[in-house]
Structures are given as structure tokens and as C-alpha cells.
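Structure at a glance
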Amino acid sequence: MYHLDERAAAAGNRIANIAQLSEAASLRLLSAVDNTVDTLAGVSKVTSGLSVMLAKTASEIDARTVVEGEYIDENDEAIDVLASAAARMKTLLTQIVRRRAAIDRDNRLKGHHCESLHESYEQATAEIADLIEVLENTRAAIITHDLKAEPRSNLQTFETVEDLIDSLHGA
């Protein structure tokens, strides 16, 4: 029968504990990468869906016959919401671009982690940028329509520049 050295047993236990911690850390890292990839995929799907719906709406507005006095957004509520949403999306886009840039600087991430994160961030970036463009285009379509719908029948015309200037000053 042989005798196990206590120091060797303690070293073995330490090595086993370190291995378990390393495995747990790797699993947490993989889980975090997977969760991030899944979250970004969800963001991409939602923004893509919104872009499709808004682009269709903008096309319908552009194709709509303009009738004098019939506004789409008489109180500018929709155009204000669209501008606010575009601003928030620009902030989100900036945050995502910064996070994507930080991927390669994190030495805990391995090549395959970086690759899947880069792809997910790139897809989300593209979809958010598309949504921003569609939000702005939809806003422009509403403004254009409503400007065309302004009543023109009571517009005053002027024969001379002086007459125009006098009318502006209330003369």
C-alpha cells in the first residue's frame, strides 16, 4: 500500500478547483456571448419589421392624392414622434457601434466569439441604420404631403417687391 503525500493531494485539489472555475467562467462567457447574439438578432428582427411597415406607409403617403385642407398630421404629432424616434435610434446606433469596436480589444473573447459577435452587431447596425432612414423618409413624406395640402385659394399675390415687403410689415 502506498501513502499519498498531503501536499500533492492539496495541489491536486487546487488544480481541480481552478479547472472547475475556468470551466464555469468559460460557460458564463459562452452564455453571455449567446445571449448577446440572441438579443441583437431580436433587435434586428424588430427594427427590420418596423422599417418594412414604415416604408409601406411612406409609399402610401407618396401615392396619396393631395386634397387641399386635408392633412395627414395637422398638429405635427406624428412628425414629432418620428423625429424623436430617429434621434433615439441614432443614440442606440452609436452605442452599438462603440460596443462592436470594443470586441477585439477584449482579450477574454476568442476568435469564434468575436466572429459571431461582429456578425450580430453588424446586422443590428445595418437594421437600425435602415430604420433611421425610413423614419426620416416617412417624416419627410408626411411633411411634403401636408405642405401640398395647404390651402392656396386665399394666397395673396403682389405686383412689386415693395408691395410684398409692405404686406409683411403689416402696411
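What counts and what doesn't
Residues numbered from 1 in each chain as written. Predicted model: local features only at pLDDT ≥ 70, side-chain atom pairs only at ≥ 80, totals over all residues. Heavy atoms only, no water. Helix = DSSP H or I, 4+ residues; strand = E, 2+ residues; numbered from the N terminus. Expected span 1.5 Å × (residues − 1). Buried < 20%, exposed > 50% of the residue type's maximum accessible area, 1.4 Å probe, protein only. Salt bridge = Lys/Arg side-chain N within 4 Å of Asp/Glu carboxyl O. Contact = heavy atoms within 4.5 Å. Core = buried A, V, L, I, M, F, W, Y, C linked by side-chain atoms within 4.5 Å.

Taking 1.5 Å as the rise per residue, helix α2 (residues 77-102) with 26 residues should run 38 Å; its terminal C-alpha atoms sit 38 Å apart, in good agreement. By the burial criterion, the buried members of α2 are Ile79, Leu82, Ala85, Ala86, Met89, Leu93 and Ile96.

It is worth spelling out the pattern of salt bridges at this point. With the rule as written, the count across this model stands at three salt bridges. Put simply, Glu60 and Lys56 hold a salt bridge, and the shortest N to O gap is 3.2 Å. Linking Glu60 with Lys56, this pair stays in helix α1 (residues 6-63), spanning four residues, or about one helical turn. Among the salt bridges present, the one from Lys90 reaches Glu136, with a minimum N-O distance of 2.8 Å. Of this pair, Lys90 sits in helix α2 while Glu136 is found in helix α3 (residues 111-148), placing the two residues 46 residues apart along the sequence. The exposure class assigned to Lys90 is partly exposed, which follows from its relative accessible area of 41%. On the accessibility criterion, Glu136 (36% relative accessible area) is partly exposed.

Now for the side chain of Ser44. Structurally, Ser44 is set in helix α1. Every residue in contact with Ser44, bar those within four places of it in the chain, is listed here: Gln123, Ala124 and Glu127.

Membership of the largest hydrophobic core comes to 26 residues, with the highest contact counts inside it found for Leu117 and Leu135. Residue assignment for this core shows that the elements contributing at least two residues are α1, α2 and α3. Among the elements that make up this core, the one with the highest residue count is α3 (11 residues).

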